[in-house]
Amino acid sequence: MEALGTLVGESVEETLDPNDWAEVQALSHRVVDDSIGYVRDVRERPVWQGMPADVRAFFTEPLPRDPSSISAVYADVSEKVMPYPMGNTHPRFWSWYMGSGNFTGALGDFLAAIQGSNLGGGNHAAALMDIQVVNWLKEMLGFHASASGTLVSGGSMANIIGLTVARNVKAGVDVREHGVAGLEKPLRYYGSDQVHSCHRKGLELLGLGNKALRRIPSDSDLRIDIAALRAAIAEDRAAGFKPACIIGNAGTVNTGAIDDLAALADLAKEEDLWFHVDGCIGALIAIAPGNRHRVAGIERADSIALDPHKWLHAPFEVGCVLVRDHAAHRGTFAVTPEFLEPTPRGIASGTWLHEYGLQTTRGFRALKVWMALREHGIDKFGRLIDQNIAQGRYLTTLVEAHPQLDLVAPTSINIVSFRFRTDGLDTEAGKAINIEIMQRLQEQGIAALSDTTVHGKHCLRAAINNHRTRREDLKLLVDETVRIGSEILAERSKGW
Ligand SMILES: *Cc1c(COP(=O)(O)O)cnc(C)c1O
């Protein structure tokens with residue numbers, strides 16, 4: 001006994017806390033100062049830059065065995081990591097569909113990590129704030145006060161949770177107990193041919209398979225054709241399928257098209273289907289005074305996926321799903337294992353938030369959203385959404401007015417699909433030239449666009465979901481696209 005006691009007494013017990021807090025404090029002040037400069041001066045830097053070979057090699061360095069000073073670690077981060085971002089905080093980043101972040105949100109992420117709470121649930125301030133932010137989002141969308149919801153990693157997970165509740169409610173059997181093998185008839189989900197790829201992943205994951213997602217043609221405005229949807233539902237019923245869920249788009253990822261949500265809500269009611277809205281892009285238009293009419297009917301959904309890391313510009317990651325029927329939501333995920341029994345008092349007496357999704361441990365995502373909403377108020381976020389939509393219209397006007405550019409799809413909100421004209425060349429050459437323009441715009445650090453194909457036509461695509469964008473940036477985009485496009489045509493005529 002004595003020998004053991006001596007051994008424990010003599011061993012040095014370690015911790016990850018610093019030996020010298022003053023050194024960490026000084027370094028932390030530098031990190032904050034550098035971070036402020038980084039965000040403040042983002043406009044002065046290239047949108048994106050390729051990494052030199054030595055920087056790429058840095059990421060293959062071996063597993064560190066020996067310690068380094070925190071200053072040396074930070075020096076590496078500031079030289080090798082921070083100068084080579086994806087670029088989405090830059091005012092001229094319009095690729096895919098992302099938010100542009102905000103400094104207050106970044107402070108929120110830092111403080112959330114410092115407090116370190118686990119949002120699996122419990123009786124503590126972070127858990128109450130998580131619930132509060134979900135309630136605020138419900139209110140922003142005009143959704144039912146009795147609805148449930150949960151913050152998740154992003155829109156994909158938010159959609160998957162909505163689709164899962166839909167499956168379990170509409171299955172007609174206890175899917176939790178028996179799995180999809182217990183289904184009497186195969187379930188069918190419906191969305192337009194513009195529906196985001198995460199729905200396919202979701203249905204695959206749910207054991208229903210890709211074919212369970214019936215893609216309904218979209219019209220010339222890229223909105224779901226309601227008559228075709230109605231016919232498909234009837235056809236499926238007659239063929240022995242069980243229609244379960246309509247997925248409405250409040251902003252498609254290709255062009256920002258917003259389905260007729262009120263008509264879809266009516267049809268879902270008539271056919272007794274679950275109505276899920278993918279509002280990752282557009283649900284938050286509900287707070288934009290100039291445009292909220294576009295998403296009228298969204299409040300009639302059974303579930304809504306939305307993405308605060310898009311139009312609320314929260315630093316990644318944070319998505320949210322709202323479910324009108326609280327009991328159905330909880331009933332899809334809640335399990336109380338013996339090690340997570342609630343208690344009448346103490347830490348385990350709060351709400352178990354893991355009962356509303358797939359994760360057990362959850363990060364404190366609410367704080368970054370909460371802090372920015374408190375700082376600016378939601379009216380400003382609403383105005384910024386209106387501003388991006390007005391900028392979408394402005395870019396559309398510039399494209400339409402330019403003889404070298406074509407608008408490829410109608411602009412619904414803030415996504416502009418266009419191409420550089422390559423008259424006299426075939427479709428493949430036209431596509432190659434437009435892709436080359438996109439790459440040069442990125443490589444020259446000017447602007448980040450992405451590309452897509454809409455109803456068979458390839459196009460460049462600017463998704464203006466960015467609170468730092470100004471009209472002059474869009475003017476520059478048009479000028480530079482045409483400059484680079486003309487350059488490429490000239491190179492081609494010399495044998496490129
Ligand atoms: C972004 C997006 C998603 C996926 O959301 P993530 O946050 O990227 O997971 C789903 N649907 C639409 C319409 C989107 O724009």
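Preceding this section is the structure that the text describes.
Residues numbered from 1 in each chain as written. Predicted model: local features only at pLDDT ≥ 70, side-chain atom pairs only at ≥ 80, totals over all residues. Heavy atoms only, no water.

### Structural notes on the pattern of salt bridges
Note the following rule: We define a salt bridge as a contact between a side-chain nitrogen of Lys or Arg and a carboxyl oxygen of Asp or Glu at a distance within 4 Å. By definition, any uninterrupted DSSP run of H or I lasting at least four residues is a helix, any uninterrupted run of E lasting at least two residues is a strand, and each is numbered from the N terminus. Remark: exposure states derive from per-residue accessible area (1.4 Å probe, protein chains only) relative to the maximum for the residue type, with buried under 20%, exposed over 50%, and partly exposed in between.
In total, this model carries 27 salt bridges according to the counting rule given. The closest approach of N and O atoms between Glu436 and Arg440, which form a salt bridge, is 2.7 Å. Of this pair, Glu436 and Arg440 both sit in helix α16 (residues 427-443), four residues apart, which is roughly one turn of that helix. The buried category is assigned to Glu436, whose relative accessible area is 18%.

### Topic: the packing of helix α7 (residues 155-170) against helix α9 (residues 197-205)
Convention followed: Orientation is described by lines fitted to C-alpha atoms, with helices fitted over the stretch in contact, and by angles between N-to-C directions that extend from 0 to 180 degrees. Any angle between 65 and 115 degrees counts as roughly perpendicular, while under 35 counts as roughly parallel, over 145 as roughly antiparallel, and the rest as oblique. Definitions for this section: a left-handed crossing has its near helix turned counterclockwise from the far helix by less than a right angle. A right-handed crossing has that turn clockwise. Contacts were defined at the residue level, with two residues in contact if any of their heavy atoms lie within 4.5 Å. Polar here means any residue outside two lists: the nonpolar Ala, Val, Leu, Ile, Met, Phe, Trp, Tyr, Cys and Pro, and the charged Asp, Glu, Lys and Arg; Gly therefore counts as polar.
In contact at an axis separation of 9 Å, α7 and α9 are set at 45° when each is read in the N-to-C sense. As far as their axial angle goes, α9 and α7 are oblique. Seen along the crossing, α7 lies across α9 with a hand that is right-handed. For the pair α7 and α9, the contacting residues are Ser156, Asn159, Ile160 and Leu163 in the first and Cys198, His199, Gly202, Leu203 and Leu205 in the second. Among the residues forming the contact of α7 with α9, the class breakdown is five nonpolar, four polar and no charged.

### Some thoughts on unusual backbone geometry
The residue after Phe316, namely Glu317, is reached through a cis peptide bond having omega -5°. As for its placement among the helices and strands, Glu317 is situated in the loop between α12 (308-311) and β7 (319-323). We note that Asp272 has phi near 55°; this positive angle belongs to a residue other than glycine. Structurally, Asp272 can be placed in the loop between α11 (261-271) and β5 (274-279).

### Details of the site of the ligand
Convention followed: Any residue with at least one heavy atom within 4 Å of a molecule or strand is counted as near it. Under this definition, polar contacts are N or O atom pairs within 3.5 Å; protein pairs additionally need one hydrogen-donor-capable and one acceptor-capable atom, and for neighbouring residues in sequence, both atoms have to be side-chain atoms. Method for areas: the Shrake-Rupley scheme with a 1.4 Å probe, in which residue coverage is limited to the protein chains shown.
Around the ligand lies a shell of 14 residues, among which Gly155, Ser156, Asp278, Asp307 and Lys310 are the nearest. Separating an oxygen atom of the ligand from a side-chain N or O atom of His309 is a distance of 2.8 Å. When the free accessible area of the ligand is taken as 380 Å², the share hidden by the protein chains comes to 86%. Contributing elements (two or more residues each) for the shell around the ligand: α7 and α12. In terms of residue count, the dominant contributor to the shell around the ligand is α7 (three residues). For the shell around the ligand, the residue count by class is four nonpolar, seven polar and three charged.

### A few points about the sheet that holds strand β8 (residues 405-409)
The condition is simple: In short, DSSP must find at least two bridges between two strands for them to pair.
What the four strands build is an open sheet, ordered β8-β9-β11-β10; its pairing is antiparallel. Where the open sheet ends on each side, the last strands, each with one partner, are β8 and β10 (450-454). The average undirected angle you get between the axes of adjacent strands in this sheet is 45°. Both β10 and strand β11 (residues 457-463) contribute to a ladder of five bridges, which runs antiparallel. Looking across to β11, one finds that Val454 is bridged to Lys457. α16 contacts β9 (415-420), β10 and β11 of the sheet and is inclined by roughly 20° relative to β11.

### Some remarks on the environment of Gly99
Residue position: Gly99 is located in the loop between α4 (70-81) and α5 (103-115). Remark: the alpha-carbon pair of Gly99 and Pro308, spanning 209 residues in sequence, is separated by 8.4 Å. Once residues lying within four places of it in the same chain are set aside, the contact partners of Gly99 are Asn88, His309, Lys310, His313, Phe316 and Asn465.

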